[in-house]
Amino acid sequence: MTAPRRTRTLASAIVLALVALAGCTGSASSPSAGAMVASGAWARASMSIDRAVAVYLSIENRTGADDALLSVTSPAGTAELHETMMGDAGMMAMQPVDKIALAKDATVELKSGSYHIMLINLVTMLEPGASVDLTLTFEHAAPITVTAEVRAN
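The text that follows walks through the structure, step by step, so that each part is easy to find. As the structure is a prediction and not an experimental result, all values here were calculated from the model.

In the structure shown here, the tally under the stated rule is one aromatic pair. Consider the rings of Trp-42 and Tyr-56, whose centres lie 5.0 Å apart with planes at 50°: the pair is tilted. Residue Trp-42 is found in strand β1 (residues 36–44), and its partner Tyr-56 is found in strand β2 (residues 53–61); the two are separated by 14 residues along the sequence. Assessed through its relative accessible area of 18%, Trp-42 is described here as buried.

Here you go:
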């Protein structure tokens, strides 16, 4: 084989290898594929530093397996997972929960009247327009940090 032909053959092999590697990328390499994705995070403004505030958001499970939200931490205060449900006296009641199930390929909305996050023992008032960081810890997936916009009640 002549030198120019070897060079063309080597160059062709390199191009084919690069094309093959490029084909290995795609949706699986995007930042949100194979992960938990949180969106629409917002927190109610606090009326006083002594009062708890609710935080709402959606969590999409793109991991391909069932999982669960186990805990939330925030520099703004102590975070607890809660659920609103019908109490014994026919009144809506809020209670802490150990975890929130996240089925594979499903989205769970943390919203008023359902699952939500409560921030208690606030470090400072949460004023409209401010933001608060939350770190969500899951049973299997890696933790994610989201920023919630503080909105007026």
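Anyway, onward from the coordinates.
Covered by surrounding structure in strand β10 (residues 144–151) are Ile-144, Val-146, Ala-148 and Val-150 only, the residues Thr-145, Thr-147, Glu-149 and Arg-151 on the alternate face being uncovered. In terms of strand pairing, β1 meets β10 through three bridges, oriented parallel. Note on β10: the bridge partner recorded for Ala-43 is Val-150. Connecting strand β9 (residues 131–138) to the antiparallel partner β10 that follows it, the hairpin turn spans five residues.

What counts, and where the lines are drawn
Residues numbered from 1 in each chain as written. Predicted model: local features only at pLDDT ≥ 70, side-chain atom pairs only at ≥ 80, totals over all residues. Heavy atoms only, no water. Phe/Tyr/Trp six-rings, centres within 6.5 Å; stacked < 30°, edge-to-face > 60°. Helix = DSSP H or I, 4+ residues; strand = E, 2+ residues; numbered from the N terminus. Buried < 20%, exposed > 50% of the residue type's maximum accessible area, 1.4 Å probe, protein only. Pairing = 2+ DSSP bridges.

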